[in-house]
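Observations on the three-dimensional arrangement
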Amino acid sequence: MSTVTTRQGKKSLNKVVHFRIDGKTKQEAENVLQLMGLTVASASRLMLIRVAQEQKLPFSPLVPNKETVEALTEIRDGQYADAKAFPDGESLLRDIEEA
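Cut-offs used in this document
Residues numbered from 1 in each chain as written. Predicted model: local features only at pLDDT ≥ 70, side-chain atom pairs only at ≥ 80, totals over all residues. Heavy atoms only, no water. Helix = DSSP H or I, 4+ residues; strand = E, 2+ residues; numbered from the N terminus. Salt bridge = Lys/Arg side-chain N within 4 Å of Asp/Glu carboxyl O. Buried < 20%, exposed > 50% of the residue type's maximum accessible area, 1.4 Å probe, protein only. Polar contact = N/O pair within 3.5 Å; in protein donor to acceptor, adjacent residues only side chain to side chain.

A few words now on unusual backbone geometry. Among all residues except glycine, the phi angle is most often negative; among peptide bonds, the trans geometry is most common. Located in the positive-phi region is Gln 55, a residue other than glycine, with phi close to 60°. Within the fold, Gln 55 resides in the loop between helix H2 (40–54) and helix H3 (66–76).

Right, let's talk about the pattern of salt bridges for a bit. Counted by the stated rule, this structure contains 5 salt bridges. One salt bridge in this structure joins Glu 28 and Lys 24, with 3.3 Å as the shortest N-O distance. Here the residue Glu 28 and the residue Lys 24 both occupy positions in helix H1 (residues 23–35), the gap between them amounting to 4 residues, near one helical turn. Since its relative accessible area comes to 42%, Glu 28 is described here as partly exposed. Residues Lys 84 and Asp 95 are paired through a salt bridge, measuring 3.0 Å at the closest nitrogen-oxygen approach. Of this pair, Lys 84 sits in the loop between H3 and helix H4 (89–98) while Asp 95 sits in helix H4, and the two are 11 residues apart along the sequence. With relative accessibility at 24%, the residue Asp 95 sits in the partly exposed group.

Within the secondary structure layout, Leu 48 lies in helix H2. Judged by relative accessible area, Leu 48 falls into the partly exposed class, the value being 43%. Considering only alpha carbons, one finds Leu 48 and Pro 58, 10 residues apart in sequence, at a separation of 9.2 Å.

Before going further, it helps to spend a moment on H3. Helical geometry: 3.6 residues make up each α-helical turn, so side chains three or four residues apart lie on a common side. Looking at where H3 begins, the residue whose side-chain oxygen comes 3.2 Å from the main-chain nitrogen of Glu 67 is Asn 65. Directly beyond the C-terminal end of H3, a positive phi value near 80° is found at Gly 78.

What follows is the structure in structure tokens.
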């Protein structure tokens, strides 16, 4: 078993996590992580540590589809001069009701 040294002392890594993923995705991830000096196991460990510490995912799990990406790009690039931004849902609803 591996051991990690923490500020509080040594912590034994004795729990195993298994999961399934398709071979192509695994290989692509391994290739990218290798360039970063990481393994799938070390990257997974880092993610789980952050989830435990921050009580949330360290990334957005939502991947926008092509149409959404195009629409956001158009708005960002100023193609819609009348596009509005709202700080919250209530402001958006008020604007809709007033229209």
